[in-house]
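Coordinate inspection notes
Now for the letters of each chain:
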Amino acid sequence: MSEAISSFWGPVTSPEWCEKNYVYSSYIAEFFNTISNVPCILLALIGLVNALRQHFEKRFSVLHISNMILSIGSMLYHATLQHMQQQGDETPMVWEMLLYFYILYSPDWHYRSTMPTFLFLYGAGFAVVHAWIRFGMGFKVHYAILCLLCIPRMYKYYIYTNDQSAKRLAKLYVATLSLGTLCWLSDRLLCDKISLWYVNPQGHALWHVLMGFNSYFANTFLMFCRAQQLEWNPKVADFLGLFPYIKVEKKKSQ
């Protein structure tokens, strides 16, 4: 911790990352790890506006909002490095993956009421248990399993999609996930060496930014696939030439 600036939040009670604490402000423990969540919120806001304008199902609006909540939780965690705020970051991570699981698998689920009921109870149960128990590595393994369970259906959507622009979204999703994971691992495993460098590349902050884009590409791809299922004639368009979004043409009866 920097000796020049004191801590407003008190002693650290959660895991720290490879960034010096309280360098720029007594109110922000890890400055770069905190502000790097801002792009994630803005990207989720763009996705939310498009979902509402195109009248997508509410599940996609909830998905974009969950991305915002997750990013805000991450900001609070890295700004304070307190255990309670850490749980406020990790619990929405699990909730978000359960929502992805629902969006991916619900179109082919025959018993429609059972899946949302089970996922809701699972998410609520995890929140209660996680409020009392520190999982540590167990949380990371649990989260990784949830992510892996989504991959088979994402791959199925990819191979059954003929639109090259939509396939590009899926490729960008994989690319940002791979690069972001590399940044996360480097920051976590090589911190002793990185701390000796003249400039810290802020691997965890880069992870935040890349995962913000990763979520945006994943959400946009899933919106395209869902619009195809509903026969809305989806097209991938560009906002400001930088941010792809889905534009649909619904039938009059819809």
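Relevant structure appears above.
Summary of the structure given here. What you see is a predicted model; the values in this text were computed from it and never measured. (Residues numbered from 1 in each chain as written. Predicted model: local features only at pLDDT ≥ 70, side-chain atom pairs only at ≥ 80, totals over all residues. Heavy atoms only, no water.)

Rolled over the atoms, a probe with the dimensions of a water molecule shows which regions are left empty. As a volume, the second largest pocket reaches approximately 490 Å³. If you trace the second largest pocket, you find 16 residues lining it, with Val62, Trp95, Leu98, Leu99 and Phe120 closest to the centre. Listed by contribution, the elements that provide at least two residues to the lining of the second largest pocket are α3 (58-80), α4 (83-105) and α5 (114-132). (1 Å grid on protein atoms, 1.4 Å probe; cavity = no way out; pocket = protein on both sides within 12 Å on 5 of 7 lines; lining within 4 Å. Points joined across faces, edges and corners; volume = space filled by probe spheres on them. Helix = DSSP H or I, 4+ residues; strand = E, 2+ residues; numbered from the N terminus.)

When strand β1 (residues 235-239) meets strand β2 (residues 243-247), the two strands line up antiparallel, connected through five bridges. By the bridge assignment for β2, valine 236 is matched with isoleucine 246. Joining the antiparallel neighbours β1 and β2 is a turn of three residues, in which leucine 240 adopts a positive phi near 60 degrees. (Pairing = 2+ DSSP bridges.)

Unlike most non-glycine residues, leucine 81 shows phi in positive territory, near 55 degrees. Residue position: leucine 81 is located in the loop between α3 and α4.

A few words on the packing of helix α6 (residues 137-159) against helix α9 (residues 203-229). Axis separation between α6 and α9 bottoms out at 11 Å; the angle between their running directions is 60 degrees. The orientation of α6 with respect to α9, classified from their angle, is oblique. As for the relative orientation of α6 and α9, their crossing is left-handed in sense. Of the residues in α9, those in contact with Met154, Tyr157 and Tyr158 of α6 are Phe221, Leu222, Cys225 and Gln229. Residues that form the contact of α6 with α9 fall into these classes: six nonpolar, one polar and no charged. (Axes fitted to C-alpha atoms, helices over the stretch in contact; angles between N-to-C directions. Parallel < 35°, antiparallel > 145°, perpendicular 65-115°, else oblique. Left-handed = near helix turned anticlockwise from the far one by under 90°. Contact = heavy atoms within 4.5 Å. Nonpolar A, V, L, I, M, F, W, Y, C, P; charged D, E, K, R; others polar.)

Now for the nonpolar core. One finds Phe56, Phe60, Tyr100, Leu104, Phe221, Leu222 and Ile246 to be the most contacted residues of the largest nonpolar core, which totals 41 residues. Within the residue set of this core, elements represented by two or more residues are α2 (38-53), α3, α4, α5, α6, α7 (164-189), α9 and β2. Beyond its immediate chain neighbours, meaning those up to four positions away, leucine 222 contacts Phe60, Tyr100, Ile103, Leu104, Met154 and Tyr157. Trp17, Tyr22, Ala29 and Tyr77 belong to the second largest nonpolar core, which has five residues in total. (Core = buried A, V, L, I, M, F, W, Y, C linked by side-chain atoms within 4.5 Å. Buried < 20%, exposed > 50% of the residue type's maximum accessible area, 1.4 Å probe, protein only.)

With that settled, consider the state of the cysteines. This structure, assessed with the given rule, holds one disulfide. Here cysteine 18 pairs with cysteine 191 through a disulfide, and the sulfurs are 2.3 Å apart. Taking the torsion about the sulfur-sulfur bond, which here is approximately 90 degrees, the covalent link between cysteine 18 and cysteine 191 counts as right-handed. With cysteine 18 in the segment before α1 (31-35) and cysteine 191 in helix α8 (residues 191-194), the pair connects residues that are 173 residues apart, well separated along the chain. In terms of burial, cysteine 18 and cysteine 191 fall into one category: buried. (Disulfide = S-S within 2.5 Å.)

All right, on to the packing of aromatic side chains then. For the coordinates displayed, the defined rule picks out 17 aromatic pairs. Aromatic pair phenylalanine 8 and tryptophan 9: ring centres 4.9 Å apart, planes at 90 degrees, arrangement edge-to-face. According to the relative accessible area criterion, phenylalanine 8 is partly exposed, its value standing at 48%. We classify tryptophan 9 as partly exposed; its relative accessible area is 36%. Summarising the aromatic geometry, the rings of phenylalanine 56 and phenylalanine 60 are spaced 5.7 Å apart at their centres and angled 75 degrees between planes, so their arrangement reads as edge-to-face. Residue placement shows lysine 167 over the ring face of tyrosine 158; its charged tip is 3.8 Å from the ring centre. Residue placement shows arginine 188 over the ring face of tryptophan 17; its charged tip is 4.1 Å from the ring centre. (Phe/Tyr/Trp six-rings, centres within 6.5 Å; stacked < 30°, edge-to-face > 60°. Lys NZ or Arg CZ within 6 Å of the ring centre and 35° of its normal.)

Further remarks concern the environment of isoleucine 72. Note on placement: isoleucine 72 falls in helix α3. The exposure class of isoleucine 72 is partly exposed, given its relative accessible area of 42%. C-alpha separation for the pair isoleucine 72 and isoleucine 41, spaced 31 residues apart in sequence, amounts to 7.7 Å.

This part covers a nonpolar patch on the surface. On the surface, a cluster of nonpolar side chains totalling about 660 Å² of accessible area is made up of Val23, Tyr24, Phe32, Ile35, Val38, Leu42, Leu45 and Val49. Looking at the nonpolar patch, the elements that each hand over two or more residues are α1 and α2. The leading source of residues in the nonpolar patch is α2, at four residues. Tracing the backbone shows tyrosine 24 in the segment before α1. (Patch = residues over 30% accessible without salt bridge, like charges linked within 9 Å, V, L, I, M, F, W, Y side chains within 5 Å. Areas by Shrake-Rupley, 256 points an atom, 1.4 Å probe, with all protein chains shown as cover. Salt bridge = Lys/Arg side-chain N within 4 Å of Asp/Glu carboxyl O.)

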